[in-house]
There are 2 protein chains.
Amino acid sequence: MQQEIQAFLLVPKDSDFTIKNIPFGVASKADGLPFPATIIGDSVINLAKLEELGYFNGPLFSTLGSKVFDNGNLNKFVSLSRPYWKEVRSQIQSLFSTGSQLENNKEVLAQVITPVQDTKNHLPITIGEYTDFYSSKNHAFNMGSIIRGPDNAMQPNWYHLPVGYHGRRSSIVVDGTDIRRPWGQVKAPTAEKPSFTKCKRLDYELEIGAVIGGAPNNLGEPIRVNQAEDRVFGFVILNDWSARDVQVWEYVPLGPFGAKNFASTISPWIVTIEALEPFRIQLPEQDPEPFVYLKEKNHTSFDINLEVLIGTEKTPELEHFTTSNFKYMYWSVNQQIAHHSVTGCNIQPGDLFGSGTISGTTKDGRGCLMEYTWNGKEPLVLKSGEQRLFLEDGDVLEMRGFAGEGENRVGFGRCKGKILPALDENYFQQ
Amino acid sequence: MQQEIQAFLLVPKDSDFTIKNIPFGVASKADGLPFPATIIGDSVINLAKLEELGYFNGPLFSTLGSKVFDNGNLNKFVSLSRPYWKEVRSQIQSLFSTGSQLENNKEVLAQVITPVQDTKNHLPITIGEYTDFYSSKNHAFNMGSIIRGPDNAMQPNWYHLPVGYHGRRSSIVVDGTDIRRPWGQVKAPTAEKPSFTKCKRLDYELEIGAVIGGAPNNLGEPIRVNQAEDRVFGFVILNDWSARDVQVWEYVPLGPFGAKNFASTISPWIVTIEALEPFRIQLPEQDPEPFVYLKEKNHTSFDINLEVLIGTEKTPELEHFTTSNFKYMYWSVNQQIAHHSVTGCNIQPGDLFGSGTISGTTKDGRGCLMEYTWNGKEPLVLKSGEQRLFLEDGDVLEMRGFAGEGENRVGFGRCKGKILPALDENYFQQ
Ligand SMILES: [Ca+2]
Ligand SMILES: [Ca+2]
Ligand SMILES: [Mg+2]
Ligand SMILES: [Mg+2]
Ligand code: NI
């Protein structure tokens, strides 16, 4: 239905940011204030400036009494609704297509465009609350097999509801932020007593984060599953860093806590449902049939390739060792939203929902090291000969995600973090 | 050390709000905008107006470049630090003591004072994130005994760390808000399959909420336990409403979710550490000795009487049936803060930390119905002859808290909610 469009801005081959994408983020120039932005190729486009200059003049935006992009984050924009999101997206695509009024307007282009290498990314939204699910069957089966053996791998509730827990939003950081190895309490199964130590089983988790938008539901009024997608603004890559040794000791009976709340990293650009629509895929029928509040007319996900790469202090060049895909979901984002609100919880624009670790069906599709190394038993062997059971100081872990190829590629950019050594033990003596 | 002070405002006998208290909240007149406030007796005092009129002119406040109380909430104030909090508190006490410059200034008094019956309370702060702990030994022992029997009541980690989980802040409401009975998935131990139903085991939990203030710690830099109290602005009463039948099915392995996130109620006035100082009490020595990061020089809580009252549709008059106390804590608030941040989590001003249900040593000290009725086996029998295993539609549940008596009483006001019937099942068919 949409006309083929061509950006007049240079889009390098294999760029994540074709004109078919138009993701939303927040950027700044060196020492400048953060501004809402999109990116085409290597050009970061200042949306606050475009709005100020009157370019968002569609039928819906024209009715708004005040600015949307003036606040240094995307929260106001995300709080609107899909028709508004679509209008702005279309206008951006038109403005930067060959033949548009802007193409030869050097003065305006100079005001709104900054080369990506002169910018820095920030969290795209002030996150309201963060919830993490556990919705990939391959991952749940592998983790359950490691802990309880394959015959008891799946907990009784897993096929009936999208299991999830409330996480911590204050420690969510953007791509490129260093991650300090945590201290915590641990107790090995064979140990008589717990000890207080630097984390020895530091892990990542490969996830997709859904950025919630739209008007909040009232407290006490659950979101119907077939209307839930109205509340999905778009997606980011999410690395849910995990301290496995801390987690196994602390999580009974109230769930993960310090093992997760020390940091989570997201990719900087929110890729919208609109951009991902061509990559929507049907998910397999669910058995048992979900309860009415989880029963979707259209049970779908998106065909998004996910990759994990690692670099070490000795061998900094990143090596790709894991390939997964957002299609390996059992519970959809819409089902997660319906379940999150079923008891009455009011879901807010700006909330972030993690998919849970997404694992494929093969060993190189396992979405975390605990799974990949089968709880520290089968090392990941890198080309350099270095081995990893869990992350070591100086390691760089990078996640990438993309759908489609060439001119139709819609990508997420990167989600990267480097492990810093833990604090000295004297820190706690003071 | 402090001089005896006497308010010139009328303070009814047994008022929670003597001049020794000076709690902080947010109020509005009918149809007016919310303003930061304190209360003495039955007089609500507008702090935004006092600030505007230049009354907060102490050495610290004078150095601030901008207003603190101008935002309709207490977040800016709470983000300052104890010396600022003390300065404002002292100034308010002086201003409203007999003999102050204000005593006969009818014009100013008319501007800043509203009778409590002409006001309405709002959430005192925009809550950042909410964490709920599980730190009362009596409660943990009773719950464990119900589930696993007295010999296995305590989980292995319980005596080593303050177990907690991240909760949901969007559904935290202020005293007086009606609570809708949730729908959810449940599975009785004897049932073969789960079902989707109106909650049949609706419960409350009697807790104290610590309101976190002060400057945030950097991500990756834990808060030292002996400095943690700098981060406690004050306390509220917290009712952590709980859907027990939903909880028992959903909580494996990631903890409570929909069973808790449908609503939590707090009392409207934050009572400060300063007001509670005369009621500080030593907690018993901990065995085993806590790890270094949890080892306090001074392991304390506060002697705060806690009460639970119930009214029913048939017998609306509130009946007091439970008495507990904040002294029944095993882990202190400071230990909760140290543990929450030990892996590196950045704790923000405006966060709320729930104590966990606080139970005394006797049956009428049990802080929730699941405990009181021993999981629905021993009914609570009211004076009217009505019985309760769990909460029924139309029930009103009220919590109260106070320390001291007479002119020295420091109270929390009330934390009250009424149970509305669940939604009709057709709601989910649409
Ligand atoms: Ca996760
Ligand atoms: Ca609780
Ligand atoms: Mg995390
Ligand atoms: Mg609750
Ligand atoms: Ni009483």
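Keep in mind that this is a model prediction, so the values were computed, not measured.

Basis of the calculations
- Residues numbered from 1 in each chain as written.
- Chains lettered and ligands numbered in written order.
- Predicted model: local features only at pLDDT ≥ 70, side-chain atom pairs only at ≥ 80, totals over all residues.
- Heavy atoms only, no water.
- Contact = heavy atoms within 4.5 Å.
- Buried area = accessible area lost by both parts, 1.4 Å probe.
- Salt bridge = Lys/Arg side-chain N within 4 Å of Asp/Glu carboxyl O.
- Helix = DSSP H or I, 4+ residues; strand = E, 2+ residues; numbered from the N terminus.
- Nonpolar A, V, L, I, M, F, W, Y, C, P; charged D, E, K, R; others polar.
- Pairing = 2+ DSSP bridges.
- Axes fitted to C-alpha atoms, helices over the stretch in contact; angles between N-to-C directions.
- UniProt positions renumbered as here; feature names shortened; annotations may be inferred.
- Buried < 20%, exposed > 50% of the residue type's maximum accessible area, 1.4 Å probe, protein only.
- Polar contact = N/O pair within 3.5 Å; in protein donor to acceptor, adjacent residues only side chain to side chain.
- Least-squares fit on C-alpha atoms with pLDDT ≥ 70 in both.
- Domains from an automatic or database assignment.
- Donors = N, O, S within 2.8 Å, 3.2 Å for Na, K, Ca; no water.
- Expected span 1.5 Å × (residues − 1).
- Lys, Arg positive; Asp, Glu negative; His and termini not counted.
- Phe/Tyr/Trp six-rings, centres within 6.5 Å; stacked < 30°, edge-to-face > 60°.
- Lys NZ or Arg CZ within 6 Å of the ring centre and 35° of its normal.

Trainee: Which parts of the structure should I look at to understand the interface of chain A and chain B?
Mentor: Often, the extent of an interface is quoted as the loss of accessible area upon association of its parts. Every contact between the two is made by 64 residues of chain A and, on the other side, 64 residues of chain B. Both sides of the chain A and chain B interface together cover about 6300 Å² of buried area, and 61% of this is carbon and sulfur. Applying the counting rule to chain A against chain B returns six salt bridges. When residues of the side of chain A that touches chain B are traced back to their parent elements, those giving at least two are strand E6 (130-133), strand E7 (164-166), strand E10 (183-186), strand E11 (195-198), helix H6 (244-250) and helix H8 (333-341) of chain A. Partitioning the side of chain A that touches chain B into residue classes produces 32 nonpolar, 24 polar and eight charged.

Trainee: So what exactly am I meant to see when it comes to the sheet that holds strand E4 (residues 113-115) of chain A here?
Mentor: All names here are of chain A. Read from one edge to the other, the open sheet built from five strands follows the order E4-E3-E2-E1-E5, with strand pairing classed as antiparallel. Since the sheet does not close on itself, it has two edges, and those belong to E4 and strand E5 (119-122), each with one partner. Mean inter-strand twist for the sheet, computed between neighbouring axes without regard to direction, equals 45 degrees.

Trainee: Help me understand the UniProt feature "binding site: Mg(2+)" (unreviewed entry) in chain A, please; the structure alone is not making it clear to me.
Mentor: Residues and elements named next belong to chain A. UniProt records the feature "binding site: Mg(2+)" (unreviewed entry) at Asp240, Lys260 and Ser264, using the numbering of this structure. Spatial clustering of the annotated residues is evident: they stretch over 25 residues in sequence, but the largest pairwise C-alpha distance comes to 7.7 Å. Within the fold, Asp240 resides in the loop between strand E14 (232-239) and strand E15 (242-243). Classification of Asp240 as buried rests on a relative accessible area of 0%. Look past the residues within four positions of Asp240 in its chain and what remains in contact with it is Tyr130, Asp132, Tyr165, Tyr204, Glu205, Glu207, Lys260 and Ser264. For Lys260, the location among the structural elements is in the loop between H6 and strand E16 (264-266). When its relative accessible area of 7% is taken as the criterion, Lys260 is described as buried. Residues in contact with Lys260, not counting those within four places in the same chain, are Tyr165, Glu205, Asp240, Trp241, Ser242, Arg244 and Gln247. Polar side-chain contacts of Lys260 include one of 2.8 Å to the side chain of Glu205.

Trainee: Would you mind showing me how to read the relation of the copies chain A and chain B here?
Mentor: Mapping one chain copy onto the other needs a rotation about an axis and a shift along that axis. Expressed as a screw operation, the relation of chain A to chain B combines 0.0 Å of axial shift with a rotation of 180 degrees, fitting to an RMSD of 0.0 Å. Accordingly, the operation relating the two chain copies is best matched by a two-fold axis. Identified as the residue of chain A closest to the rotation axis by C-alpha distance is Gly255(A), at 2.1 Å.

Trainee: Could you clarify how one ought to interpret the domain arrangement of chain A in this entry?
Mentor: Residue and element names in this part refer to chain A. According to the domain assignment, chain A contains domain 1 (23-122) and domain 2 (130-428). Averaged C-alpha coordinates put domain 1 and domain 2 at centres separated by 30 Å. With 19 residues of domain 1 at the interface, the matching set in domain 2 holds 19 residues. Across the domain 1/domain 2 interface, buried area totals approximately 1500 Å², and carbon plus sulfur atoms make up 65% of it. In this structure, the connection of domain 1 to domain 2 is made through one salt bridge. Across the pair Arg82 and Glu274 runs a salt bridge whose closest N-O atoms are separated by 2.5 Å. Applying the counting rule to domain 1 against domain 2 returns six residue pairs in polar contact (both at pLDDT 80 or more). Of all the secondary structure elements, the ones that give two or more residues to the side of domain 1 that touches domain 2 are strand E2 (35-40), helix H2 (75-79), helix H3 (82-95) and E5. Looking at the side of domain 1 that touches domain 2 residue by residue, the class counts come to ten nonpolar, six polar and three charged.

Trainee: Would you explain the coordination of the nickel ion (ligand 5) in this entry?
Mentor: Each pair of donors in an ideal four-coordinate tetrahedral metal site encloses 109.5 degrees, whereas pairs in an ideal six-coordinate octahedral site enclose 90 or 180 degrees. All names here are of chain B. The coordination sphere of the nickel ion (ligand 5) contains the protein donors Glu307 (OE) and His320 (ND1), at a distance range of 2.4 to 2.8 Å. Here Glu307, found in strand E20 (residues 305-311), pairs with His320, found in strand E21 (residues 319-325); they are 13 residues apart in sequence, far enough to count as distant. On the accessibility criterion, Glu307 (15% relative accessible area) is buried. Assessed through its relative accessible area of 36%, His320 is described here as partly exposed.

Trainee: Looking at this structure, how should I read the sheet that holds strand E20 (residues 305-311) of chain A?
Mentor: Hydrogen bonds between backbone atoms are what pair the strands of a sheet, whose relative direction is either parallel or antiparallel. Spatial strand order, E9-E26-E25-E20-E21 (chain A): five strands in an open sheet with mixed pairing. The open sheet has two edge strands with one neighbour each: strand E9 (179-180) and strand E21 (319-325) of chain A.

Trainee: Explain H3(A) here, please?
Mentor: Residues three or four positions apart in an α-helix share a direction because the helix packs 3.6 residues into each turn. All names here are of chain A. Spanning 14 residues, H3 covers 20 Å between terminal C-alpha atoms, matching the ideal 20 Å at 1.5 Å per step. With ten of its 14 residues buried, H3 lies for the most part within the structure. Listing the buried residues of H3 in full gives Arg82, Tyr84, Trp85, Glu87, Val88, Arg89, Gln91, Ile92, Gln93 and Leu95. Each element contacted by the buried residues of H3 is listed here: E2, helix H1 (47-52), H2, E14, strand E17 (271-272) and helix H7 (273-276).

Trainee: Would you explain the coordination of the calcium ion (ligand 1) in this entry?
Mentor: Residue and element names in this part refer to chain A. Distances from the calcium ion (ligand 1) to its protein donors, Asp132 (OD), Glu205 (OE), Glu207 (OE) and Asp240 (OD), fall within 2.2 to 2.3 Å. Sequence spacing among the residues donating to the calcium ion (ligand 1) works out to D-x72-E-x1-E-x32-D. With Glu207 in strand E13 (residues 206-212) and Asp240 in the loop between E14 and E15, the pair connects residues that are 33 residues apart, well separated along the chain. Asp240 shares its class with Glu207; the two are buried.

Trainee: Mind showing me how you'd approach the side chain of Glu371(A) here?
Mentor: All names here are of chain A. Tracing the sequence through the fold places Glu371 in helix H9 (residues 369-372). Despite its burial, Glu371 pairs with no opposite charge, the nearest such side chain being Arg366 at 5.4 Å. Among all residues touching Glu371, those that are not within four sequence positions of it are Asn138, His139, Asn142, Met143, Ile146, Thr357, Ser359 and Arg366.

Trainee: Before we go on, may I ask you to explain the pairing of strand E2 (residues 35-40) of chain B in this structure?
Mentor: The side chains of a regular strand alternate, first on one face of the sheet and then on the other. Residues and elements named next belong to chain B. When you tally the buried positions in E2, you get six out of six residues, the bulk of the element. Of the two faces of E2, the one carrying Phe35, Ala37 and Ile39 and the one carrying Pro36, Thr38 and Ile40 are both buried. The turn linking strand E1 (residues 25-29) back onto E2 is made up of five residues, and Asp31 within it adopts a positive phi angle of 65 degrees. Once E2 ends, the chain turns through two residues before running back antiparallel as strand E3 (residues 43-46), passing Gly41 with a positive phi of about 60 degrees.

Trainee: Mind showing me how you'd approach the environment of Ile22(A) here?
Mentor: Residue and element names in this part refer to chain A. Mapped onto the secondary structure, Ile22 falls in the segment before strand E1 (25-29). With relative accessibility at 0%, the residue Ile22 sits in the buried group. Through-space distance from the C-alpha of Ile22 to that of Ala275 is 7.3 Å; in sequence the pair is 253 residues apart. Once residues lying within four places of it in the same chain are set aside, the contact partners of Ile22 are Thr38, Ile40, Arg89, Ile92, Gln93 and Thr272.

Trainee: Help me understand the UniProt feature "binding site: substrate" (unreviewed entry) in chain A in this model?
Mentor: Mapped onto this structure's residue numbering, the UniProt feature "binding site: substrate" (unreviewed entry) falls at Tyr134(A), Arg148(A), Gln247(A), Tyr251(A) and Thr357(A). Tracing the chain through its elements places Tyr134(A) in the loop between E6 and helix H5 (137-148). Excluding residues that lie within four positions of it along the chain, Tyr134(A) makes contacts with His139(A), Ala140(A), Met143(A), Trp158(A), Val163(A), Ser355(A), Gly356(A) and Leu254(B). Along the polypeptide, Gln247(A) turns up in helix H6.

Trainee: Just to check I follow, could you spell out the packing of aromatic side chains for this structure?
Mentor: Aromatic rings considered in pairs are described by the distance between their centres and by the relative angle of their planes. Within this structure, the stated rule accounts for 56 aromatic pairs over all chains. For the ring pair Phe61(B) and Tyr84(B), a centre distance of 6.2 Å and an interplane angle of 55 degrees mean the geometry is tilted. In this pair, Phe61(B) sits in the loop between helix H1 (47-52) and helix H2 (75-79) while Tyr84(B) sits in helix H3 (residues 82-95), placing the two residues 23 residues apart along the sequence. A single burial state applies to Phe61(B) and to Tyr84(B), both of which are buried. Summarising the aromatic geometry, the rings of Tyr204(B) and Phe321(B) are spaced 6.4 Å apart at their centres and angled 80 degrees between planes, so their arrangement reads as edge-to-face. On the criterion of sequence distance, the pair formed by Tyr204(B) in the loop between strand E12 (202-203) and strand E13 (206-212) and Phe321(B) in strand E21 is long-range, its members being 117 residues apart. Since its relative accessible area comes to 8%, Phe321(B) is described here as buried. Cluster of aromatic residues (ring-pair linked, three or more members): Phe24(A), Phe56(A), Phe61(A), Phe69(A), Phe77(A), Tyr84(A), Trp85(A) and Phe233(A). Taking NZ or CZ as reference, Arg409(A) lies 4.0 Å from the ring centre of Phe402(A), over its face. Sitting over the ring of Tyr427(A), Arg224(B) keeps its end group 4.0 Å from the ring centre.

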